[in-house]
Amino acid sequence: MTEVKKRTGIWLDYKEAFVIPLFDEMEGKPVIRHIESEIDTGVAKGGIAPKVPYGPQGGVSEREMLDRRKHQEKVYFEKILKEIDPVTDELFIFGPAEAKLGLKKAIDQIKHYHPVIVELRTSNKLTRNQMVAEVRKFFTER
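Residues numbered from 1 in each chain as written. Predicted model: local features only at pLDDT ≥ 70, side-chain atom pairs only at ≥ 80, totals over all residues. Heavy atoms only, no water.

The phi dihedral of E38 falls on the positive side, at around 60°, and the residue is not glycine. Among the secondary structure elements, E38 is positioned in the loop between β5 (33–36) and α1 (62–84). Judged by its relative accessible area of 63%, E38 is exposed. (Helix = DSSP H or I, 4+ residues; strand = E, 2+ residues; numbered from the N terminus. Buried < 20%, exposed > 50% of the residue type's maximum accessible area, 1.4 Å probe, protein only.)

See below:
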């Protein structure tokens, strides 16, 4: 008797992610988990006014901003990994942005659990029903 593989699709960008486990279906509909990213996508603004007229102005450090963004991305990917760890055997990751590549790196760094990433695919913004249909279609055509 062969073991049934637990398959999950993840649609994500830097604003939000939708985790769609096909093995967790009730009444024919999978339980979709929505995760907000809380990643600051703003531009460095402001600074500190000089104490003397025409003096040097203190600014917002670009390095600090990039470090903060990296940390926020790491937290976001960890939230997604908590939803799939350790219940998923195969992953289909899709979405419009480069966030899927960051998630792949985070998955590659897991030491205790290694789901197989079957495919990374570029996709447009989809409705929830379209996401579920895309995940089902992908795994049935395999």
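With that settled, the discussion passes to the sheet that holds strand β1 (residues 7–12). The sheet built from 5 strands is open, its strands ordered β5-β2-β1-β6-β7 with mixed pairing. Each edge of the sheet is formed by a strand with only one pairing partner; in this case those strands are β5 and β7 (116–122). Averaged over all pairs of adjacent strands, the angle between their axes in this sheet comes to 15°, without regard to strand direction. Where β1 meets strand β2 (residues 16–21), 5 bridges bridge the pair, whose relative direction is antiparallel. Bridging across to β2, I10 finds its partner in V19. The sheet contacts of helix α2 (residues 99–108) involve β1, β6 (90–95) and β7, and relative to β7 the element is tilted by about 165°. In the packing of helix α3 (residues 128–141) onto the sheet, contacts are made with β1, β2, β5, β6 and β7, and the angle to β6 comes to roughly 135°. (Pairing = 2+ DSSP bridges. Axes fitted to C-alpha atoms, helices over the stretch in contact; angles between N-to-C directions. Contact = heavy atoms within 4.5 Å.)

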